[in-house]
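Residue-level structure breakdown
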Amino acid sequence: MPRHLQGPAPGRLMPRMTRQTANIILYRQGKELEVFLVSRSREMRFLGGYLAFAGGKTESGDETLPLDEAVEAGQRTLLGCAVRELFEETGILALRNSPLSKKDTATLRQELLQGGTAAGFFSTLAELGASLPPDTLQQALQLVTPGFSRERYASTFFLMETG
């Protein structure tokens, strides 16, 4: 068996526990298909400086995403994470029935970026009557980083079409 498939050598540190992440593949279908990526900060430990789909690790409170339909708790957490991360990284709010003005959206994003919680973010949206329609995000695939990687992530990718 090749060395990279055998896991860490004796005495080496074991990979960290696998973390759940959620990402959104944001695309637009016109004459040609366009796919939108973000540039990861060079200071990030995992793949710093690379292009990626918007997304990140799940946080406490992601499960409070206001939804138009009931879904399983784990799926709700992943959807909440994807919506929150897309908003944090791009300013795009996936909740299509949001009554927020551009100014209010920018203020809400700044609050989230300055240490606001997922629960607080989703609570504000719920109070405003915003929720995620069932067809907004379509689960596309799940990937897990290889066993030889020190950083382990189980990533769920969702598709979201933009106008």
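Residues numbered from 1 in each chain as written. Predicted model: local features only at pLDDT ≥ 70, side-chain atom pairs only at ≥ 80, totals over all residues. Heavy atoms only, no water.

Next up on the list: the nonpolar core. With 29 residues, the main nonpolar core has Leu-65, Val-83, Leu-95, Phe-121, Leu-125, Leu-132 and Leu-137 as its most contacted residues. Breaking this core down by element, the ones donating at least two residues are β1 (19-29), α1 (73-90), α2 (102-113), α3 (118-127) and β7 (153-161). For this core, the element with the most residues is α1, which contributes seven residues. Once residues lying within four places of it in the same chain are set aside, the contact partners of Phe-121 are Arg-84, Phe-87, Leu-93, Leu-108 and Leu-112. (Core = buried A, V, L, I, M, F, W, Y, C linked by side-chain atoms within 4.5 Å. Buried < 20%, exposed > 50% of the residue type's maximum accessible area, 1.4 Å probe, protein only. Helix = DSSP H or I, 4+ residues; strand = E, 2+ residues; numbered from the N terminus. Contact = heavy atoms within 4.5 Å.)

Structurally, the position occupied by Thr-145 is in the loop between β6 (138-144) and β7. Note on Thr-145: relative accessible area 16%, which makes it buried. At 2.9 Å, the side chain of Thr-145 and the backbone nitrogen of Tyr-153 are in polar contact. (Polar contact = N/O pair within 3.5 Å; in protein donor to acceptor, adjacent residues only side chain to side chain.)

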